[in-house]
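Geometric and topological summary
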Amino acid sequence: MTHPFEIELETTLPASPEQVWEAIATGPGIDSWFMGRNEVEPREGGVAAMETGGRREEAMIIAYEPGKRFATRTATAEDGRFMAFEYLIEGRDGGSTVLRVVHSGVLGDDWQDEYDGLRRGWPFHLHTLREYLTHFPGRAGVPVFAVAPSAGRSAQEVHEALTRGLSLPTPVAVGARAHAEPAELPPLDGEVVWSDDERIKVRTADGIYTFLHIAGAVLMFHHLFRPDTDGAEAAWRQWLIGLLA
């Protein structure tokens, strides 16, 4: 059984409408705060594509008004499911911008769990967008995605392992200092800027690092703003595997 849904959020960002547009309506901009590797064909009727973990998803651009409105919609599946995203931009005095996001569509049989995940996820993603525009404006981030099985551990056990791996006190609080040393990569030294039962987000001088655990797996969605990122995905995956061994 399918179920229609709509999630609407609004946030004020410390950036101009032009900067917000670059962040939400270009491939390099989306790479810098959202998920996966993204491509955007800059026109109405073009294609917006996201690839995460080898899976590519495409949507049609149904609105393309630079500095004002950007909207996409996936094709409708045989069972009626689809996803639609709309971003509305409004400049404010003082150089800030109000961004309104509307995520709507039709979900499948497990719609309640999926809806709850989307509802929890959007405030987190908009927070990452704010971190990006505040601390890395004008820079394009390299997305790093890694996943490892949680080896039968409970959510609490995984969260505790991540906490230890990041040298964090318990409970994990915003403002705490994190430190990790993945092999063959520069050490991670930064500040916790988000913490909840599922996610830990750390901002460093060269990136935004997210650690997320879900049923059966631990995932990382990092955004790196340094010149040398070769091997980062493989190195972080090995760090995760070692952490959960």
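Residues numbered from 1 in each chain as written. Predicted model: local features only at pLDDT ≥ 70, side-chain atom pairs only at ≥ 80, totals over all residues. Heavy atoms only, no water.

Some details on the packing of helix α4 (residues 155–165) against helix α5 (residues 232–244)
Direction vectors running N to C along α4 and α5 enclose 120°, while the axes themselves pass 10 Å from each other. One way to sum up the angle between α4 and α5 is to call them oblique. α4 and α5 meet at a crossing whose hand is right-handed. Of α5, the residues touching α4 (which contributes Ala161, Leu162 and Gly165) are Trp239, Leu240, Leu243 and Leu244. (Axes fitted to C-alpha atoms, helices over the stretch in contact; angles between N-to-C directions. Helix = DSSP H or I, 4+ residues; strand = E, 2+ residues; numbered from the N terminus. Parallel < 35°, antiparallel > 145°, perpendicular 65-115°, else oblique. Left-handed = near helix turned anticlockwise from the far one by under 90°. Contact = heavy atoms within 4.5 Å.)

Some details on the environment of Glu10
Examined against the element boundaries, Glu10 turns out to sit in strand β1 (residues 3–13). Considered as a pair, Glu10 and Thr26 are 16 residues apart in the sequence and their alpha carbons are 20 Å apart. The residues touching Glu10, leaving out its near neighbours within four places in the chain, are Val98, Leu99 and Arg100.

Let's talk about the nonpolar core
Residues Ile24, Trp33, Leu99, Trp122, Leu129 and Tyr132 are the most contacted members of the largest nonpolar core, which totals 32 residues. If you list the elements that add at least two residues to this core, you get β1, α1 (17–25), β3 (47–52), β6 (82–91), β7 (97–107) and α3 (111–135). With residues near it in sequence (within four places) discarded, Ile24 still touches Ile30, Trp33, Phe70, Tyr87, Ile89, Leu99 and Leu129. Within the second largest apolar cluster, 28 residues are counted, among which are Val144, Val172, Ala180 and Ala232. (Core = buried A, V, L, I, M, F, W, Y, C linked by side-chain atoms within 4.5 Å. Buried < 20%, exposed > 50% of the residue type's maximum accessible area, 1.4 Å probe, protein only.)

Notes on the sheet that holds strand β13 (residues 217–224)
Taken together, the 6 strands give an open sheet; going across it, the order is β8-β13-β12-β11-β10-β9, and neighbouring strands pair in antiparallel fashion. Where the open sheet ends on each side, the last strands, each with one partner, are β8 (142–149) and β9 (177–180). Across the sheet, the mean angle separating the axes of adjacent strands is 25° when strand polarity is ignored. Taken together, the 8 bridges between β8 and β13 define a ladder with antiparallel strand orientation. Among the inter-strand pairings, Val142 is bridged to a residue of β13, identified as Leu224. (Pairing = 2+ DSSP bridges.)

Remarks on the environment of Ala161
Take Ala161: it is sitting in helix α4. When its relative accessible area of 1% is taken as the criterion, Ala161 is described as buried. Placed 79 residues apart in sequence, Ala161 and Leu240 show a C-alpha to C-alpha distance of 9.5 Å. Discounting residues that sit within four places of it in the chain, Ala161 has contacts with Arg153, Leu243 and Leu244.

Focus: the domain arrangement of the protein chain
Once the domains are mapped, the protein chain shows domain 1 (3–136) and domain 2 (142–244). Centre-to-centre, using C-alpha coordinates, domain 1 lies 24 Å away from domain 2. Of the roughly 1600 Å² buried between domain 1 and domain 2, counting both surfaces, carbon and sulfur atoms make up 66%. On the surface where domain 1 and domain 2 come into contact, there are 3 salt bridges. The shortest N-O distance in the salt bridge between Glu198 and Arg120 comes to 3.1 Å. Summed over the shared surface of domain 1 and domain 2, the result is 11 residue pairs in polar contact (both at pLDDT 80 or more). When residues in the side of domain 1 that touches domain 2 are grouped by element, the largest group, 9 residues, is from α3. Here the residues of the side of domain 1 that touches domain 2 are counted per class, giving 7 nonpolar, 8 polar and 4 charged. (Domains from an automatic or database assignment. Buried area = accessible area lost by both parts, 1.4 Å probe. Salt bridge = Lys/Arg side-chain N within 4 Å of Asp/Glu carboxyl O. Polar contact = N/O pair within 3.5 Å; in protein donor to acceptor, adjacent residues only side chain to side chain. Nonpolar A, V, L, I, M, F, W, Y, C, P; charged D, E, K, R; others polar.)

Observations regarding the packing of α1 against α3
Contact geometry for α1 and α3: axes closest at 11 Å, N-to-C directions at 130°. It follows from the interaxial angle that α1 and α3 lie oblique. You can see that α1 and α3 cross each other, and the crossing is right-handed. Contacts between α1 and α3 involve Gln19, Val20, Ala23 and Ile24 from the first element and Leu129, Tyr132 and Leu133 from the second. The residue makeup of the contact of α1 with α3, split by class, is 6 nonpolar, 1 polar and no charged.

Comments concerning the packing of aromatic side chains
Each pair of aromatic rings is reported with the distance of its centres and the angle of its planes. By the definition in use, this model includes 17 aromatic pairs. Summarising the aromatic geometry, the rings of Phe211 and Trp236 are spaced 5.8 Å apart at their centres and angled 70° between planes, so their arrangement reads as edge-to-face. A residue pair is termed long-range when its members are at least 10 positions apart, and Phe211 in strand β12 (residues 207–214) and Trp236 in helix α5 qualify at 25 residues. The burial state of Phe211 is the same as that of Trp236; both residues are buried. (Phe/Tyr/Trp six-rings, centres within 6.5 Å; stacked < 30°, edge-to-face > 60°.)

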